[in-house]
Amino acid sequence: MIDLSTSETDRTVDALLRQITWSRFAGDAGIEGPYRDDPASAAVVIELRQAGERLAAAGGLDALDEAILRITEMNSAYSDQRSNLLEALWSSVGRGGEP
């Protein structure tokens, strides 16, 4: 179980996700550059990646998985896209890979 301090991180990640223009979500195949025409969303993607790294550092891979579930439940709007984007962004976090 993630401790209360991570709950604040969950809210931060959710706020970042709301800033992304969902119509430009490219899915798993285009996750490396889905916001080429939207520099503001590209900057948010970088912040989301860093949030994933902080979650992994604090609680490991289980913390990432739980955060994805909690963030999706927290705000059901675009929950599938939120979950897919977080999984794509955080799939290599804690595994030594690059995004």
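Reading the values: rules and limits
- Residues numbered from 1 in each chain as written.
- Predicted model: local features only at pLDDT ≥ 70, side-chain atom pairs only at ≥ 80, totals over all residues.
- Heavy atoms only, no water.
- Core = buried A, V, L, I, M, F, W, Y, C linked by side-chain atoms within 4.5 Å.
- Buried < 20%, exposed > 50% of the residue type's maximum accessible area, 1.4 Å probe, protein only.
- Helix = DSSP H or I, 4+ residues; strand = E, 2+ residues; numbered from the N terminus.
- Contact = heavy atoms within 4.5 Å.

A. A look at the nonpolar core. Counting 19 residues, the largest nonpolar core has Val13, Leu17, Ile20, Leu48, Leu86 and Trp90 as the members making the most contacts within it. Elements supplying a minimum of two residues to this core: α1 (4-19), α2 (39-74) and α3 (79-90). Per-element accounting of this core gives the leading share, ten residues, to α2. Those residues in contact with Trp90 that lie beyond four places of it in its chain are Val13, Leu48, Arg49, Ala51, Gly52, Leu55, Leu64, Ala67, Ile68 and Arg95.

B. Region of the structure containing the side chain of Ser83. As for its position among the elements, Ser83 is in helix α3. Apart from the residues within four sequence positions on either side, Ser83 is in contact with Ile68 and Thr72.

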